[in-house]
Amino acid sequence: MLINIDLHIHSRFSGATSQKMNIKTISMEAPKKGIDVVATGDCLHSGWLKEIKESTRSVDEGTLELNKTRFVLSTEVEDKNRVHHLLYFPSFSSVEEFKGKIESKSRNLETDGRPNVNMDGEEIAQIAKDLDILIGPSHAFTPWTALYAHHNSLKSCYGDLVDHVSFLELGLSADSNYADRIKELSRLTFLTNSDSHSPHPVRFAREFNRVEVKDATFNEIKKAVFREGGNKFVLNVGLPPEEGKYNESSCISCYKHYSLKEAVARNWRCTCGGRIKKGVKDRIEELSDYEKPVHPSHRPPYLHIIPLSEIIAKAIGQSSPFTKRVTEIWNRLIKEFKNEISVLVDVDIEDIARVAPPAVTEAVQAFREGKVIVHPGGGGKYGVIELPYLSEKIDLPLYVDKQKTLLDY
Ligand SMILES: [Zn+2]
Ligand SMILES: [Zn+2]
């Protein structure tokens, strides 16, 4: 069977997170998005762990369920070099054991869902290995709190435990075309997760993975990560990396973009005097072994797409995905096709055309065919997506009429 999974979110016990990040709300939002399995995040936090235990039923040791949404136990930790790691646990007892081993090395286990641990990547990976816990770097290429922000190789981070690392999370600002220019990553399974701090469909599962498994359980997903028994990742889905706010090297004050060469020549100082922050694209350039991506045979396709409500907003010329009009079209599509992922990925375009405004249908098609134009972000400012088919058609008065008929549904 094919399932859609989002393996990185944060609960309301992490910093800057929505109060709605509770198990019940997530379990009800996941089916609307089309997500079958969600990683709990923050499972070292007592309050969150208690809520998970009390509000879900157990499918097996490492799999839980509420409202037909399944959960696997996970957390993100920040190591002493400010590198973020994702961990996936086979059982509640392994969570408790792991916690016992890092307790003396962490000062905020009970106050932050994503704790800081005063250990390096190798020390954390050793504990993970001993307890049969999966570990890999989170959003590996972002310029602040990631593996390649601090290290030049996996080995430099995980030392002798590097072989225990089985996956790498690409993060919102990279895709497999970026990462497969680096030789040491070719054996790893790439994860595309939302890292969401809110259950709203514009954030939750904005990146997700589609995997082939026998059942929606921790063990089956683990086999997919290891590509065992026919289980595997069949699709990575995520935002175009150029949309990321640190895609190109740019000034963090005035957002002027620079090539890597120019930035180096200018000693990372902008003409305005501001600091130029190295972009993910240039960091990949520095790390790359290959001029062009070399995908290993196990690598699934990568589909670039943005959340449906953002597509609708862009297509009908509205500046926000939270307006009444956008929500009405979104609801209509979800009612008709069950969930957002079917609309974005699976349903025939002709069927979407029966329900959606022409501009929305064309926009979904443009994404599926990789025909959107992305003006890259940088220096902390997001990129801008342009819909080629619509550049001349975004004409609000025209859409007012179309809207009326469409919203009569
Ligand atoms: Zn992180
Ligand atoms: Zn500047």
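Structure: above.
About the thresholds
Residues numbered from 1 in each chain as written. Chains lettered and ligands numbered in written order. Predicted model: local features only at pLDDT ≥ 70, side-chain atom pairs only at ≥ 80, totals over all residues. Heavy atoms only, no water. Helix = DSSP H or I, 4+ residues; strand = E, 2+ residues; numbered from the N terminus. Buried < 20%, exposed > 50% of the residue type's maximum accessible area, 1.4 Å probe, protein only. Contact = heavy atoms within 4.5 Å. Donors = N, O, S within 2.8 Å, 3.2 Å for Na, K, Ca; no water. Core = buried A, V, L, I, M, F, W, Y, C linked by side-chain atoms within 4.5 Å. Pairing = 2+ DSSP bridges. Axes fitted to C-alpha atoms, helices over the stretch in contact; angles between N-to-C directions. Parallel < 35°, antiparallel > 145°, perpendicular 65-115°, else oblique. Left-handed = near helix turned anticlockwise from the far one by under 90°. Nonpolar A, V, L, I, M, F, W, Y, C, P; charged D, E, K, R; others polar.

S.K.: Is there a simple way to think about the environment of V211 in this case?
M.R.: Its place among the elements puts V211 in strand β10 (residues 208-212). A residue is classified by how much of its surface remains accessible, and V211, at 0% relative accessible area, is buried. Sequence-distant contacts of V211, that is, excluding residues within four places in its chain, are made with M1, L2, I3, I5, A224, K232, F233 and V234.

S.K.: Where do I start with the coordination of the zinc ion (ligand 1) in this structure?
M.R.: For the zinc ion (ligand 1), the full set of protein donor atoms is E76 (OE), H84 (ND1) and H139 (NE2), and the range of their distances to it is 2.1 to 2.2 Å. The class of H84 is buried, set by a relative accessible area of 3%.

S.K.: I keep staring at helix α15 (residues 358-368) and nothing clicks. Help me out?
M.R.: Residues three or four positions apart in an α-helix share a direction because the helix packs 3.6 residues into each turn. Residues of α15 that are buried include every one of A359, V360, T361, A363, V364, A366 and F367, and no others. G370 lies just past α15 and shows a positive phi near 65 degrees.

S.K.: Any chance you could explain the nonpolar core here in plain terms?
M.R.: In globular proteins that are soluble, nonpolar side chains generally tend to be buried together. The biggest cluster of nonpolar side chains holds 97 residues, and the ones touching the most others in it are F98, F141, Y148, L185 and L333. Other than its neighbours up to four places away in sequence, L333 contacts L308, I312, K338, V343, I352, V355, A356 and V360. Membership of the second largest hydrophobic core comes to 19 residues, among which are L7, L86, A224 and V225.

S.K.: Please explain the pairing of strand β4 (residues 63-66) as it appears in this structure.
M.R.: On a regular strand, one side chain projects to one face of the sheet and the next to the other, so that they alternate. Judged by which residues are buried, β4 turns out to be covered on both faces: T63 and E65 on one side and L64 and L66 on the other are all buried. In this structure, strand β3 (residues 57-60) lies alongside β4, joined through three bridges in antiparallel fashion. By the bridge assignment, S58 is partnered in β4 with L64. Between the end of β3 and the start of β4, which pair antiparallel, lie two residues. Examined bridge by bridge, β4 and strand β5 (residues 69-78) share four bridges and lie antiparallel to one another. Each residue of the ladder has a partner; that of L66, found in β5, is T69.

S.K.: Which parts of the structure should I look at to understand the coordination of the zinc ion (ligand 2)?
M.R.: When a metal carries six donors in an octahedron, the ideal angles between them are 90 or 180 degrees, while four donors in a tetrahedron ideally lie at 109.5 degrees. In the first shell of the zinc ion (ligand 2), the protein supplies C251 (SG), C254 (SG), C270 (SG) and C272 (SG), at 2.3 Å from the metal. Here the donor residues for the zinc ion (ligand 2) map to a single chain with the spacing C-x2-C-x15-C-x1-C. Residue C251 is located in strand β12 (residues 250-251), and its partner C272 is located in the loop between α9 (260-265) and β13 (276-277); the two are separated by 21 residues in the primary sequence. On the basis of relative accessibility, which here comes to 43%, the residue C272 falls in the partly exposed class.

S.K.: Is there a simple way to explain the packing of helix α11 (residues 308-315) against helix α12 (residues 324-337) in this structure?
M.R.: Pairs of packed helices are described in terms of their axes, by the angle between the two and the distance that separates them. Where α11 meets α12, the closest approach of the two axes is 9 Å, and the angle between their N-to-C directions is 125 degrees. Comparing the axis directions of α11 and α12 gives the class oblique. By crossing handedness, the relation of α11 to α12 is classed as right-handed. Each of L308, S309, I312 and A313 in α11 lies in contact with α12, whose residues at this interface are V326, I329, W330, L333 and I334. Taken together, the residues of the contact of α11 with α12 sort by class into eight nonpolar, one polar and no charged.

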